[in-house]
Amino acid sequence: MTSSILHTPYPIPQSLYIHIPFCKRKCNYCDFVSYAGKEELIDEYVEALCNEINSPPCQSETNPPPSLFKRGGKEGGEFSTIYFGGGTPTLLKPEHYERLLGFLKMIIIFKKETEISMESNPGTINLDYLKEIRSLGINRLSIGVQSFNDVHLKTLGRIHNSKEAVQAYKDARAAGFENMNLDLMYALPGQTLEEWRTDLRQALSLNPEHLSIYNLQVEENTPFWNIFKTYIPQTSYPLPNEETELAMYEFTIKTLTDAGYHHYEISNFAKPGFECKHNINYWKNGNYIGFGAAAHSHLNGKRWANPDSLEEYIGSGSVVRNVEHPTSIDSSRATDRQDSIFLGLRLLEGLPKAKFAGFEKEIGELMRDGLLEEKNSNYKLTRQGLFLGNLVFEKFV
Ligand code: SF4
């Protein structure tokens, strides 16, 4: 299969991320920054976002940022992607998005081809809602399906069932979405290989342009951690063993590539031309600006983040973040070059060999272990490396 990434590298776009940290209920596996039962703060949060958008980060008056934003009515940077992520962005009303997009249009240039994505939860959308957000210019919809099996959906703590997920997909098509992603998860508690095959086939039967498929990670500070990691597991729904998990992943790759999807990142598959530009920019360690609680930004090698707390974010009024005086810096991150390596290796095309200067010993070990290979003057993950990516990435942190 031809690969648009391998043969025609993407220009690195500039991206905007807007975090919507509200959820109806917290899922049992979720460690994202999202809050259940705080919907009464949505109006205030949207106002805080508008304030922040109105005060874009800058380095200083004498050292302005590269032309990311319109300045003094002049045209500034052209953003290629805007991404509303969460949390559950579809808990906000269309009027909230009308207001947010109005503010965004004051600082950036929207073009017809600008990818404007929104994550959605099937338990929070209907045809009217989808028509309204589509008419506002949202042109890529990601639906958090996770599974088509109602037993597994219940175990995960999702607020929707399988029928509602299918209906949400059909409604989105009817509303005019032509670029859609489905999020699915495998290696769920008690899930068999056959159940995963059924899930994946059902997803394929809907014919989405993009599929993001992650194995369940049991994270600290989640109900699943208490069930599966803290006590001696006595659940009648044990996690699949590593062999089954590998078989699930292998089945996923084979089924989706046979169906014409381009496997372009460890967990992401797209019909050619529908790869997610926003996330590619992230994996290529490109520049992006994040707005909202817990939103991270990366600009020319510098990173900073907003506070996680909803109340702190709202209370800060017009949040003027600054590259030299960031609200907080994630000091656990390694250097920007190391970030470039372990983010870029997630892409199946890999990274130019020159990027690995100084890591010759690590490269040798990973190649010896069969986790990394050389192709087209790049180092890239092998098939085994795709499954054991964390063993590779930890060498570069
Ligand atoms: S809907 Fe998404 S963000 Fe919200 S709790 Fe569930 S997994 Fe987390």
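Residues numbered from 1 in each chain as written. Predicted model: local features only at pLDDT ≥ 70, side-chain atom pairs only at ≥ 80, totals over all residues.

Identification of the protein chain as Heme chaperone HemW is taken from an unreviewed UniProt entry. Under the heading Function (unreviewed entry), UniProt records this for the protein chain: "Probably acts as a heme chaperone, transferring heme to an unknown acceptor. Binds one molecule of heme per monomer, possibly covalently. Binds 1 [4Fe-4S] cluster. The cluster is coordinated with 3 cysteines and an exchangeable S-adenosyl-L-methionine." Here the protein chain is described in UniProt, under the heading Subcellular location (unreviewed entry), as follows: "Cytoplasm". (UniProt positions renumbered as here; feature names shortened; annotations may be inferred.)

Asker: How would you summarise the overall build of the protein chain if you had to cite specific residues and measurements?
Answerer: Secondary structure assignment for the protein chain yields 15 helices and 16 strands. Expressed as a percentage of its 397 residues, the buried residues of the protein chain come to 38%. Sequence-distant contacts in the protein chain: of pairs separated by 6 or more residues, those separated by 24 or more amount to 71%. (Helix = DSSP H or I, 4+ residues; strand = E, 2+ residues; numbered from the N terminus. Buried ≥ 20, exposed ≤ 12 C-beta atoms within 10 Å, placed from the backbone. Contact = placed C-beta atoms within 7 Å.)

Asker: Any details on the nonpolar core? Residues and values, ideally.
Answerer: Ile18, Leu49, Ile143, Ala172, Leu184 and Tyr186 are the most contacted members of the largest nonpolar core, which totals 69 residues. Those residues within four positions of Ile18 in sequence are excluded, and the remaining contacts are Leu49, Phe84, Leu100, Phe291 and Gly292. Ranked by size, the runner-up nonpolar core spans 11 residues in total, among them Leu345, Leu366, Leu371 and Phe396. (Core = buried A, V, L, I, M, F, W, Y, C linked by C-beta atoms within 7 Å.)

Asker: Just give me the short version of the packing of helix 2 (residues 42–54) against helix 3 (residues 94–107), but keep the residues and values in it.
Answerer: Between helix 2 and helix 3, the shortest axis-to-axis distance is 9 Å and the interhelical angle comes to 5°. Between helix 2 and helix 3, the crossing angle belongs to the class labelled roughly parallel. Note on element contacts: helix 3 touches helix 2 through His96, Arg99, Leu100, Phe103, Leu104 and Ile107, opposite Val46, Leu49, Cys50, Ile53 and Asn54. Considered class by class, the residues forming the contact of helix 2 with helix 3 number eight nonpolar, two polar and one charged. (Axes fitted to C-alpha atoms, helices over the stretch in contact; angles between N-to-C directions. Parallel < 35°, antiparallel > 145°, perpendicular 65-115°, else oblique. Nonpolar A, V, L, I, M, F, W, Y, C, P; charged D, E, K, R; others polar.)

Asker: Residue-level account of the pairing of strand 15 (residues 372–375), with values.
Answerer: Relative to strand 16 (residues 378–381), strand 15 runs antiparallel, the two being bridged by four bridges. Looking across to strand 16, one finds that Leu372 is bridged to Leu381. Turn length for the strand 15-strand 16 hairpin, with the two strands adjacent in sequence and antiparallel, is two residues, and the turn residue Asn376 shows positive phi of about 50°. (Pairing = 2+ DSSP bridges.)

Asker: Go over the site of the ligand with me, naming the residues and quoting the values.
Answerer: Around the ligand, the surrounding shell consists of Cys23, Lys26, Cys27, Cys30, Phe32, Ser34, Gly86, Gly87, Thr88, Asn121 and Gly144. Looking at side-chain class alone, the shell around the ligand contains four nonpolar, six polar and one charged residues. (Near = placed C-beta within 6 Å.)

Asker: Now, about the sheet that holds strand 15: what can you tell me, with residues and values included?
Answerer: If you walk across this open sheet you meet the three strands as 14-16-15, and the pairing is antiparallel. This sheet does not close on itself; its edge strands, each paired only once, are strand 14 (351–352) and strand 15. Looking at chain direction, strand 14 and strand 16 are connected through two bridges and run antiparallel. Each residue of the ladder has a partner; that of Leu351, found in strand 16, is Tyr379.

Asker: Mind laying out the pairing of strand 9 (residues 262–265), listing which residues take part and the relevant values?
Answerer: As defined by bridge partners, strand 9 adjoins strand 10 (residues 268–270) across three bridges and the pair is classed as antiparallel. When the bridges of strand 10 are listed, Glu265 appears paired with Asn268.

Asker: Give a description of unusual backbone geometry that names residues and reports values.
Answerer: Note: most peptide bonds trans; most residues except glycine with negative phi. Gly86 connects to Gly87 through a cis peptide bond whose omega is 10°. With respect to the helices and strands, Gly87 occurs in the loop between strand 4 (81–86) and helix 3. The backbone of Ala187 sits at a positive phi, close to 65°, despite the residue not being glycine. Within the element layout of this structure, Ala187 appears in the loop between strand 7 (180–186) and helix 7 (193–206). With a phi angle near 65°, Ala294 is a residue other than glycine that sits in the positive phi range. Assignment of secondary structure puts Ala294 in the loop between strand 11 (288–291) and strand 12 (296–299). Judged by local crowding, Ala294 falls into the partly exposed class, with 18 C-beta atoms found within 10 Å.

Asker: Lay out helix 7 in plain terms, naming residues and giving numbers.
Answerer: The end-to-end C-alpha distance of helix 7 is 21 Å, a good match for the 20 Å that 14 residues give at a rise of 1.5 Å each. On the buried face of helix 7, the contacting elements are strand 7, strand 8 (210–215) and helix 9 (242–258). Phi turns positive one or two residues past the end of helix 7, at Asn207, with a value near 65°. (Expected span 1.5 Å × (residues − 1).)

Asker: Describe the packing of helix 7 against helix 9, listing the residues and the values that go with them.
Answerer: Running from N to C, helix 7 and helix 9 point in directions that differ by 25°, and their axes come no closer than 10 Å. Judged by the inter-axis angle, helix 7 sits roughly parallel to helix 9. In the packing of helix 7 onto helix 9, the handedness of the crossing is right-handed. The segment helix 7 lies against helix 9, with Leu193, Trp196, Arg197 and Leu200 engaging Thr244, Ala247, Met248, Phe251, Thr252 and Thr255. (Left-handed = near helix turned anticlockwise from the far one by under 90°.)

Asker: I'd like a rundown of the environment of Thr114, residues and numbers included.
Answerer: Tracing the chain through its elements places Thr114 in the loop between helix 3 and strand 5 (115–120). Taking the C-alpha atoms as reference points, Thr114 and Asn139, 25 residues apart in sequence, are found 8.6 Å from one another.

Asker: Pulling in residues and values, what's your account of the confidence of the model for the protein chain?
Answerer: Confidence in the prediction for the protein chain averages 87 pLDDT; 85% of positions are at 70 or higher. Taken together, the stretch residues 71–76 has pLDDT below 50 and engages in seven contacts with residues farther than four places along the chain or on a different chain. (pLDDT = per-residue confidence, 0-100.)

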